[in-house]
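Each chain, written out:
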Amino acid sequence: MDVYRTEDQQLDALKGWWKKNGTSTIVAIALGLAIVVGGRTWISQQHSHAEVASAKYDTMIQAMEQGMDDIALEQSSGLIGQFSDTPYAALAALASAKIKLAQGESLAARTHLQWVVSYADKFELKQIARIRLARIMLSDNDHQKALALLGEVEPGSFAASIEEIRGDIYVAMNQPEKAKDAYKRALDASAAAAVGKDLLQMKIDDLGSAG
């Protein structure tokens, strides 16, 4: 099951931004708080905290790239447990979900994704987790839960991905009219390359004269 598709580009953009600006952003927030509560030592501690989280995340990604999933999961567990106040914890949870899904552990993958939905600070990370979790729920035949999850918040820039997976869910539920409407909304919202739009159009065409 390919649960990692169009939203990967948005996730890669977030990763790239945090790679360049993550530590400095956390420090800037810490500095703002320090103005209120005072204390240069506290600022230094926050800076060190963010740098350690960044280093652990880099180690986790390197382990994943080398196929050392056990090490990657160990680093991820540390990030989620000790650095949940940084964006690296949510990124680590997304990566752990990917590993667990590849290992055939759907329930564990869902748990990691639900953690991101519940605790991530950034809207974009929450939406990526929702989309991936909904796809797994679809695969597990939890259709109503998947639809409820997708309807929790406004889709924003993820409208195309959300409507597409909603259409897939309706197809699985044998509701072609609703599926076709969802695919059309996805097509209207899509800013993807031609191949992405072509796939959506194929899904619409496959539904024939439904609706």
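All values reported here derive from a predicted model rather than from experimental measurement. Residue numbering note: each chain is counted from 1, following its sequence as written. Reporting of local features is limited, given that this is a predicted model, to residues whose pLDDT is at least 70; pairs of side-chain atoms are given and counted only at 80 or more, and all residues count toward the totals for whole chains, interfaces and linings. Excluding hydrogens and water, the side-chain values take into account all heavy atoms of the structure.

J.: It is not clear to me how the overall build of the protein chain should be interpreted in this structure. Could you clarify?
T.: Tallying secondary structure elements over the protein chain gives 10 helices and 0 strands in all. Sequence-ordered secondary structure for the protein chain, helices as α and strands as β, is α-α-α-α-α-α-α-α-α-α. Contacts are assigned to residue pairs with any non-hydrogen atoms lying within 4.5 Å of each other. Sequence-distant contacts, at least 24 apart, represent 58% of the contacts inside the protein chain between residues at least 6 apart. When the accessible surface of the protein chain is split by element, carbon and sulfur atoms take 52% of a total near 10,900 Å². Every helix listed is a DSSP run of H or I at least four residues long, and every strand listed is a run of E at least two residues long, numbered separately from the N terminus. Here, Shrake-Rupley sampling with a 1.4 Å probe gives the accessible areas, and only protein chains in the shown set may cover a residue.

J.: Help me understand the packing of aromatic side chains, please; the structure alone is not making it clear to me.
T.: Aromatic ring pairs: the centre-centre distance and the angle between the two ring planes describe each pair. For Phe, Tyr and Trp, rings pair up if their centres lie within 6.5 Å, where Trp contributes its six-membered ring, and each pair is then called stacked (planes under 30 degrees apart), edge-to-face (over 60) or tilted (otherwise). This structure, assessed with the given rule, holds 2 aromatic pairs. Consider the rings of Tyr57 and Tyr88, whose centres lie 5.7 Å apart with planes at 45 degrees: the pair is tilted. Placement of Tyr57 in helix α2 (residues 40-65) and of Tyr88 in helix α4 (residues 87-102) is noted, with a sequence separation of 31 residues between them. The exposure classification of Tyr57 matches that of Tyr88, with both residues buried. Aromatic pair Trp115 and Tyr119: ring centres 5.4 Å apart, planes at 45 degrees, arrangement tilted. Placement of the pair is Trp115 and Tyr119 together in helix α5 (residues 106-119), with a separation of 4 residues, close to one helical turn. Classification of Trp115 as buried rests on a relative accessible area of 18%. Note on classification: 1.4 Å probe, protein chains only; a residue is buried when its accessible area is under 20% of the maximum for its type, exposed when over 50%, partly exposed between these limits.

J.: Before we go on, may I ask you to explain helix α7 (residues 143-150) in this structure?
T.: Along an α-helix, residues three or four apart share an orientation, since each turn contains 3.6 residues. Buried within α7 are the following residues: His143, Ala146, Leu147, Leu149 and Leu150. End-on, the buried residues of α7 take up no more than an arc of 160 degrees, which puts them together on one face. Opposite its buried face, α7 presents the exposed residues Gln144 and Lys145, each directed more than 90 degrees away. For α7, the elements touching its buried residues are α6 (123-139) and α8 (159-172). Summarising the geometry, the arc corresponds to the directions from the helix axis toward the C-beta atoms.

J.: Before we go on, may I ask you to explain the packing of α6 against α8 in this structure?
T.: Two quantities define a packed helix pair, namely the angle between the axes and the distance from one axis to the other. With axes taken as lines fitted to C-alpha atoms, and helix axes fitted only over the stretch in contact, angles between N-to-C directions fall between 0 and 180 degrees. The geometry of α6 relative to α8 is characterised by a closest axis approach of 10 Å and an angle of 15 degrees between their N-to-C directions. Looking at the two axes, α6 sits roughly parallel to α8. Helix-helix and strand crossings are classified by hand; for α6 and α8 the assignment is left-handed. Here Gln127, Ile131, Ala134, Arg135 and Leu138 of α6 come into contact with α8, specifically with Ser161, Ile162, Ile165, Asp168, Ile169 and Ala172. Tallied by class, residues from the contact of α6 with α8 come to 7 nonpolar, 2 polar and 2 charged. These descriptions rest on fixed angle ranges, namely under 35 degrees for roughly parallel, over 145 for roughly antiparallel, 65 to 115 for roughly perpendicular, and the rest for oblique. Each crossing gets its hand from how the near helix is turned against the far one by less than a right angle, where anticlockwise is left-handed and clockwise is right-handed. Gly is placed with the polar residues, together with every amino acid not listed as nonpolar (Ala, Val, Leu, Ile, Met, Phe, Trp, Tyr, Cys and Pro) or charged (Asp, Glu, Lys and Arg).

J.: Just to check I follow, could you spell out the pattern of salt bridges for this structure?
T.: Opposite charge on two side chains permits pairing when their charged atoms draw close. When a carboxyl oxygen of Asp or Glu lies within 4 Å of a side-chain nitrogen of Lys or Arg, that pair is called a salt bridge. Within this structure, the stated rule accounts for 9 salt bridges. Between Arg130 and Glu152 there is a salt bridge, and its shortest N-O distance comes to 3.1 Å. Of this pair, Arg130 sits in helix α6 while Glu152 is found in the loop between α7 and α8, placing the two residues 22 residues apart along the sequence. On the basis of relative accessible area, Glu152 is assigned to the partly exposed category, the value being 45%.

J.: It is not clear to me how the nonpolar core should be interpreted in this structure. Could you clarify?
T.: One recurring pattern in soluble globular proteins is that nonpolar side chains are buried together. If you look at the biggest cluster of nonpolar residues, it comprises 51 residues, and the most contacted ones within it are Leu79, Leu94, Leu113, Trp115, Val116, Leu125 and Ile169. Tallying contributions element by element places α4 first for this core, with 11 residues. Residues within four places of Ile169 in sequence aside, it is in contact with Leu138, His143, Ala146, Leu147 and Leu150. Throughout this description, the term nonpolar core refers to a set of buried Ala, Val, Leu, Ile, Met, Phe, Trp, Tyr and Cys residues connected via side-chain atoms within 4.5 Å.

J.: Sorry if this is basic, but what is going on with the packing of α8 against helix α9 (residues 176-189) here?
T.: With their axes 8 Å apart at the nearest point, α8 and α9 run at an angle of 165 degrees to one another. The pairing of α8 with α9 is recorded here as roughly antiparallel in orientation. For the pair α8 and α9, the sense of crossing is left-handed. Counting all contacts with α8, which are made through Ala159, Ala160, Glu163, Glu164, Arg166, Gly167, Asp168, Tyr170 and Val171, the residues of α9 involved are Lys178, Ala179, Ala182, Tyr183, Arg185, Ala186 and Ala189.

J.: Before we go on, may I ask you to explain unusual backbone geometry in this structure?
T.: Across residues other than glycine, the phi torsion is negative in most instances, and most of the peptide bonds are trans. In this model, Asn141 sits at a positive phi of 65 degrees, which is unusual for a non-glycine residue. Among the structural elements, Asn141 can be located in the loop between α6 and α7. The class of Asn141 is exposed, set by a relative accessible area of 56%. Even without being glycine, Asn174 reaches a positive phi, approximately 60 degrees.

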